[in-house]
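# Chain and residue survey
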Amino acid sequence: MSSVVVANWDVDGQASASMLIRSGFAETVFFPSVGFYWLEDEWIDILSQYEHIYIVDMHIPRVDVKRLNTTSYVTIFDDSRLHPDYSNLNVTCVCSNRFSTTYILMDYLGIEPDVDAILGMYNDVGDNILTSEYWDIFSKYLDNLDITLENLSQLKEYFNAPYYVNDVSSLYRNVKLLINRSYRLDSLPYFDKMFRIIEDRDRYLKELVDNVSIDGGLAMLEYDGKMYVIVDLVRELARRYPDKNILVADKGFIPGCISIAVKSNRYLEPLIKRFMERDLPAGGEGYFMGVVVPKSEYGQIYEEITRYINIG
């Protein structure tokens, strides 16, 4: 049966795709353009040739899953239990709040811990990976490969670098590297180039953070994104302003759309569900939310968000 993985762009998504392909569940991987948490018509046409579609480390709107179901069965793996209503569709959703999607796949596939699973976890939770019940096994495994936590951090940056600049071709290369177990730092292709991207990202984040505006309980930033850094930006602002609500809007990275990310002191899941019910590409959990909207709807969505978190 023909099968494909639709993957998120970060290390967790890349490594999840590698795990499914190496385990024989899928034949290949497909990446949407970075930041597109939905499927364009041309991508659905491509995916329609596959009988089984796995979606990893992301949820796409119900309307897109319904269209995929005209030709394909869909299985979704994600490390968030919050997802659109997929009832009455040909969908299996293996979704729960865990360390990472690779962690969920490790249990689901019944495989031993490996670099893919560990990289996905380290990408999502950093040094909190040490609190996993598998850490004793992980640490021995990494010791045998002569991989330290510092090496894991470098590998995470290397594999994440392409998505900051929408270099989708390099994401496909990365999955091949993971499938082939190519994780030695001195043998990775374009290593210096990838780390120049990381250096550019760090400079860009500093530039953006310095332009944030504070208004009462809100730290707000709107910008025309040159790189896809919205998640990193919200994390940095939340670290700097732990007592503030954070609202970030990237008005430039995705043509015709605005990416919004929110970190709030108010529980956001009811608002996330509301946006999902309207088939907006929304996600998150707890006190974090992301949603992408057409530019024409930004004002309305902005007011809805700020009203919900009691700002303005």
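Just above, that's the structure.
This one's a predicted model, so the numbers in the text were calculated from it and none came from an experiment.

Helix α5 (residues 115–125) packs onto helix α4 (residues 101–109) with a crossing angle of 145° between their chain directions and a minimal axis gap of 7 Å. Of α5, the residues touching α4 (which contributes Thr102, Tyr103 and Met106) are Asp116, Ala117, Gly120 and Met121.

Turning our attention to α4. Of all 9 residues in α4, 7 are buried, a share of seventy percent or more. Of all the positions in α4, only Thr101, Thr102, Tyr103, Ile104, Leu105, Met106 and Leu109 are classed as buried. Here the buried face of α4 lies against α1 (11–22), β3 (52–56), β4 (73–78), β5 (91–95), α5 and α6 (135–144). Of the residues one or two after α4, glycine 110 is the one with positive phi, at around 65°.

The strands making up a sheet associate through hydrogen bonds between their backbones, and the pairing can be parallel or antiparallel. Within the open sheet, the 5 strands sit side by side as β2-β1-β3-β4-β5. Their pairing is parallel. Whereas interior strands pair on both sides, the edge strands pair on one side only; in this sheet they are β2 (28–30) and β5. For this sheet, the mean inter-axis angle between neighbouring strands, taken without regard to orientation, is 20°. Where β3 meets β4, 5 bridges bridge the pair, whose relative direction is parallel. Considered in β4, the bridge of isoleucine 55 is made with isoleucine 76. Against the sheet, α4 engages β3, β4 and β5, with an angle of about 115° to β4.

Our focus in this paragraph is helix α10 (residues 230–240). Three or more residues of α10 are buried, namely Ile230, Asp232, Leu233, Val234, Leu237 and Ala238. Turning to α10, the residues buried within the fold contact α7 (149–164), α9 (191–209), β7 (218–223), β8 (245–250), β9 (257–263) and β11 (288–294).

Glancing now at unusual backbone geometry. Glycine aside, negative phi is the norm for most residues, and most peptide bonds take the trans geometry. Within the chain, asparagine 88 stands out as a residue other than glycine whose phi angle is a positive 65°. Its identity is not glycine, yet tyrosine 190 carries a phi of approximately 55°, on the positive side. Looking at where tyrosine 190 falls in the secondary structure, it is placed in the loop between α8 (168–179) and α9.

Looking now at the environment of valine 29. Topologically, valine 29 is positioned in strand β2. For valine 29, a relative accessible area of 9% corresponds to the buried category. Note: C-alpha distance between valine 29 and valine 175 (146 residues apart in sequence) is 8.1 Å. Apart from residues lying up to four places away in sequence, valine 29 is in contact with Val4, Val5, Ala7, Ala17, Ile21, Tyr172 and Val175.

The strand order across the open sheet formed by 6 strands is β6-β7-β8-β9-β11-β10, and the pairing between neighbours is mixed. In the strand order of this sheet, the two ends are held by β6 (213–215) and β10 (282–285), each with one partner. Pairs of neighbouring strands in the sheet enclose a mean axial angle of 15°, with direction left out of account. The sheet contact formed by β9 and β11 spans 7 bridges and is antiparallel. Counted as the bridge partner of cysteine 257 is proline 294 from β11.

Another aspect to go through is the state of the cysteines. Counted under the stated rule, the structure contains 1 disulfide. A disulfide bridge connects cysteine 93 with cysteine 95, and the sulfur atoms are separated by 2.4 Å. Classification of the bridge connecting cysteine 93 and cysteine 95 rests on its S-S torsion, roughly -95°, and on that basis the disulfide is left-handed.

We now examine the side chain of aspartate 64. Position of aspartate 64 relative to the elements: it lies in helix α3 (residues 62–68). No salt bridge is formed by the buried aspartate 64, whose closest oppositely charged neighbour, arginine 67, lies at an N-O distance of 4.5 Å. Ignoring sequence-local partners within four residues, the contact set of aspartate 64 consists of Trp38, Leu39 and Ile44.

Conventions we followed
Residues numbered from 1 in each chain as written. Predicted model: local features only at pLDDT ≥ 70, side-chain atom pairs only at ≥ 80, totals over all residues. Heavy atoms only, no water. Axes fitted to C-alpha atoms, helices over the stretch in contact; angles between N-to-C directions. Helix = DSSP H or I, 4+ residues; strand = E, 2+ residues; numbered from the N terminus. Contact = heavy atoms within 4.5 Å. Buried < 20%, exposed > 50% of the residue type's maximum accessible area, 1.4 Å probe, protein only. Pairing = 2+ DSSP bridges. Disulfide = S-S within 2.5 Å. Lys, Arg positive; Asp, Glu negative; His and termini not counted. Salt bridge = Lys/Arg side-chain N within 4 Å of Asp/Glu carboxyl O.

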